[in-house]
Amino acid sequence: MSDRVKTITMDIVEAVRDVMRKHDVTFAEYRAGVGHLIKTQEAKEIPLLLDVFLNSTVVEIENRQRDGSKAAIQGPYFREGAPRVNDSLAIRPEDEDQPRMVMRGRVTDLGGSPVADAVIDVWHSTPEGRYSGVHGNIPIEYYRGKITTDENGRYECRSILPVPYQIPNQGPTGELLEKHMGGHSWRPAHIHYWVHAEGMRDLISQAYFEGDKYIEDDSCNGGGTEFMVPEAYEDGVRVMEVDFRLDPA
Ligand code: MBD
Ligand code: FE
């Protein structure tokens, strides 16, 4: 028995009841809502549906307790067990011609001292906006990896350049956003990060690319320009310089 589970569950139920009363929800509408959830379950989109609407709220709560770099939404497509990588993520043979980026930066503590041996899980989508190990049968080793910081807290790793990204919109989540709510299902192109280091608080973050029109019109409420990286190139390769300042554990 958990008081917290009980209290939060009852508060959720009461909040939903208030909404139903406010809008005089009918039995038919109630049944339609249940039907939508059943479809979402059948399409395995419950993580997607919840993250579209609620992931950003967990982030907001978590960020009240952080003095260092702020967290960003994680999305539903992190997977355990990505390979350790050195200078590049694995690139699919069919993506060899895609433009490249280099991800680099420094991990420090709140005082600015380097954090060596931090492990940064990075993951991003394919050019068609799909994630390995999740969609279709893209092998999980592509566009995911664990990068380790050196003795100066620095990391550097290459990959292809992500592009603006549409969350899977052929299922019930897309139907809700587009057809029933008149919105869209786009997100800015993004890189996901999950930084782990001994004695430090984990940090889940993201980076966006300056110039992307979905940064401030994100179907997932992804934090906007706070996570935008200025446009810079080195030998024609987009440089994504992102530093992480970690709170203590
Ligand atoms: C994603 O790739 C994502 O990053 C988020 C936040 C939601 C859905 C899909
Ligand atoms: Fe994502």
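We now turn to the structure provided with this report. As the structure is a prediction and not an experimental result, all values here were calculated from the model. (Residues numbered from 1 in each chain as written. Chains lettered and ligands numbered in written order. Predicted model: local features only at pLDDT ≥ 70, side-chain atom pairs only at ≥ 80, totals over all residues. Heavy atoms only, no water.)

A look at the pairing of strand 2 (residues 119–123)
Line of reasoning, step 1. The element strand 2 is extensively covered by neighbouring structure, given that five of its five residues are classed as buried.
Line of reasoning, step 2. Burial of strand 2 is two-sided: the residues Val 119, Asp 121 and Trp 123 facing one way and the residues Ile 120 and Val 122 facing the other way are all buried.
Line of reasoning, step 3. Sheet topology places strand 2 next to strand 3 (residues 144–148); five bridges connect them, and they run antiparallel. When the sheet's bridge partners are listed, Asp 121 is paired in strand 3 with Lys 146.
Line of reasoning, step 4. Two strands pair when backbone bridges link them, and strand 2 and strand 7 (residues 190–196) are joined in this way by five bridges, in the antiparallel orientation. (Buried < 20%, exposed > 50% of the residue type's maximum accessible area, 1.4 Å probe, protein only. Helix = DSSP H or I, 4+ residues; strand = E, 2+ residues; numbered from the N terminus. Pairing = 2+ DSSP bridges.)

Digging into the coordination of the iron ion (ligand 2)
Six octahedral donors around a metal ideally subtend angles of 90 or 180 degrees, whereas four tetrahedral donors ideally subtend 109.5 degrees.
Line of reasoning, step 1. Every protein donor of the iron ion (ligand 2) is accounted for by Tyr 131 (OH), His 190 (NE2) and His 192 (NE2), and the metal-donor separations fall at 2.0 to 2.1 Å.
Line of reasoning, step 2. Along the chain, the residues that donate to the iron ion (ligand 2) are spaced as Y-x58-H-x1-H. Taken together, the positions of Tyr 131 in the loop between strand 2 and strand 3 and His 190 in strand 7 put the pair 59 residues apart, joining distant regions of the chain. Neither Tyr 131 nor His 190 differs from the other in exposure class; each is buried. (Donors = N, O, S within 2.8 Å, 3.2 Å for Na, K, Ca; no water.)

As for the site of ligand 1
Line of reasoning, step 1. In the neighbourhood of ligand 1, the contacting residues comprise Leu 48, Ile 73, Gly 75, Pro 76, Tyr 77, Tyr 131, Tyr 165, Ile 167, Arg 187, His 190, His 192 and Cys 220.
Line of reasoning, step 2. Take Tyr 165: an N or O atom from its side chain is 3.2 Å from an oxygen atom of ligand 1.
Line of reasoning, step 3. Within the side chain of His 190, a nitrogen or oxygen atom sits 3.1 Å from an oxygen atom of ligand 1.
Line of reasoning, step 4. When isolated, ligand 1 has an accessible area of 260 Å², and the protein chains bury 100% of it.
Line of reasoning, step 5. Comparing atom positions with the cavity grids shows ligand 1 to sit within the largest cavity.
Line of reasoning, step 6. For the shell around ligand 1, a count of residues per class yields eight nonpolar, three polar and one charged. (Near = heavy atom within 4 Å. Polar contact = N/O pair within 3.5 Å; in protein donor to acceptor, adjacent residues only side chain to side chain. Areas by Shrake-Rupley, 256 points an atom, 1.4 Å probe, with all protein chains shown as cover. 1 Å grid on protein atoms, 1.4 Å probe; cavity = no way out; pocket = protein on both sides within 12 Å on 5 of 7 lines; lining within 4 Å. Sits in = over half its atoms within 2 Å of the grid points. Nonpolar A, V, L, I, M, F, W, Y, C, P; charged D, E, K, R; others polar.)

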